[in-house]
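# Breakdown of the fold
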Amino acid sequence: MTLQIAYSPCPNDTFVFDAWAHGRIPGAPELDVTFADIDITNGMAERGEFDVLKVSYAVLPWVLDEYALLPCGGALGRGCGPLVLTREPGTGLEGRTVAVPSERSTAYLLFRLWAADVVPAGVGEVVVMPFHEIMPAVRDGKVDAGLVIHEARFTYQQYGLHALADMGEHWERTTGLPIPLGAIIAKRSLGPEMLRRLADAARTSVRMAWDDPDASRPYVLEHAQEMDPAVADQHIGLYVNEFTHNLGVDGYAAVRGLLTRAAAEGLVPPLGRDALSFV
């Protein structure tokens with residue numbers, strides 16, 4: 001059985017899925033891989049497309065009837081949150097135009113929770129654009145600020161930009177929880193046995209990538225576009241961690257904490273009691 005999967009070309013995803021995608025895990029379901037930006041995969045999930053998807057945790061309240069959250073394979077951690085960037089240090093955001101990578105992204109959800117505390121008068125227009133276009137847009141004055149993710153944490157100074165705020169730092173300071181960013185979900189209709197096989201394959205793929213990082217390097221760099229290999233390594237080191245291998249108690253607490261708080265603010269639908277249950 002070949003499963004349709006979509007994830008981003010970012011180094012953390014290609015690193016995690018390399019062994020599985022290339023058939024190096026005995027007995028694992030075969031994958032037919034599509035690469036897509038997180039905004040695209042979030043939409044795919046809402047439309048019920050693909051068997052397995054890498055999505056934003058923020059989209060889960062809209063898709064968990066059809067998809068199950070896998071307890072591994074995603075991106076969650078500490079010191080890895082989205083940044084708000086501006087051309088000038090200390091720029092206020094009241095009434096300003098802000099570029100974000102997706103209206104259903106975890107980054108934007110964290111931004112909205114942060115802005116409710118820090119920008120009570122509210123920002124101005126929010127513009128959605130692919131994350132790799134955001135820093136050039138801020139640099140060129142097309143938008144006043146940009147919410148960035150992934151390797152932008154390591155490269156924004158190359159664009160002459162300044163970090164106004166760290167969404168993850170705000171989240172960790174106010175909750176004490178790690179930062180939930182990207183999740184792996186699979187269709188519940190695949191059945192409990194297949195879902196367990198998927199989780200086992202994802203964990204094995206992560207362990208194999210850690211055990212032999214050089215094996216995944218061609219796949220990572222092939223899809224990292226023009227990214228400096230050193231930046232790709234930093235990216236992987238930050239976003240692939242113990243929570244990628246297993247969400248665990250703290251991981252699930254972070255996910256439920258984020259979505260419960262967001263629901264209380266009216267930003268997402270409330271979660272059902274068992275919505276995060278795997279099988």
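The structure we're discussing is the one just above.
In short, a report on the structure. (Residues numbered from 1 in each chain as written. Predicted model: local features only at pLDDT ≥ 70, side-chain atom pairs only at ≥ 80, totals over all residues. Heavy atoms only, no water.)

This part is about the nonpolar core. L60, F111 and W114 are the most contacted members of the largest nonpolar core, which totals 57 residues. Per-element accounting of this core gives the leading share, eight residues, to helix α4 (residues 106-118). Aside from chain neighbours lying at most four places away, what touches W114 is V84, L93, V119, A165, M167 and H170. (Core = buried A, V, L, I, M, F, W, Y, C linked by side-chain atoms within 4.5 Å. Buried < 20%, exposed > 50% of the residue type's maximum accessible area, 1.4 Å probe, protein only. Helix = DSSP H or I, 4+ residues; strand = E, 2+ residues; numbered from the N terminus. Contact = heavy atoms within 4.5 Å.)

To continue, consider the environment of L69. Along the chain, L69 turns up in strand β4 (residues 67-69). L69 sits in the buried class, given a relative accessible area of 0%. Along the sequence, L69 and N246 sit 177 residues apart, while their C-alpha atoms lie 12 Å from each other. Not counting chain neighbours up to four residues away, the residues in contact with L69 comprise Y57, L60, L64, A183, I184, I185, L247, Y252, L276 and F278.

A separate point is the pattern of salt bridges. Evaluation of the coordinates by the stated rule reveals ten salt bridges. The closest approach of N and O atoms between R24 and D18, which form a salt bridge, is 2.4 Å. (Salt bridge = Lys/Arg side-chain N within 4 Å of Asp/Glu carboxyl O.)

What follows deals with the sheet that holds strand β7 (residues 98-100). Within the open sheet, the five strands sit side by side as β8-β7-β9-β6-β10. Their pairing is mixed. Unpaired on one side and paired on the other, β8 (126-128) and β10 (162-166) mark the two borders of the sheet. Averaged over all pairs of adjacent strands, the angle between strand axes in this sheet comes to 30°, irrespective of strand direction. Pairing of β7 with β8 involves three bridges; the strand directions are parallel. In the sheet register, V98 faces β8, and the bridge partner there is V126. (Pairing = 2+ DSSP bridges. Axes fitted to C-alpha atoms, helices over the stretch in contact; angles between N-to-C directions.)

Along an α-helix, residues three or four positions apart point the same way, because every turn accommodates 3.6 residues. Residues M167, G168, H170, W171 and E172 constitute the buried set of helix α7 (residues 167-175). Next to the buried residues of α7 lie β6 (83-86), α4, β9 (145-148), β10, β11 (179-187) and α12 (248-264). Taking the backbone nitrogen of G168 as reference, a side-chain oxygen 2.9 Å away marks D166 as the first, capping residue of α7. Phi turns positive one or two residues past the end of α7, at G176, with a value near 75°. (Polar contact = N/O pair within 3.5 Å; in protein donor to acceptor, adjacent residues only side chain to side chain.)

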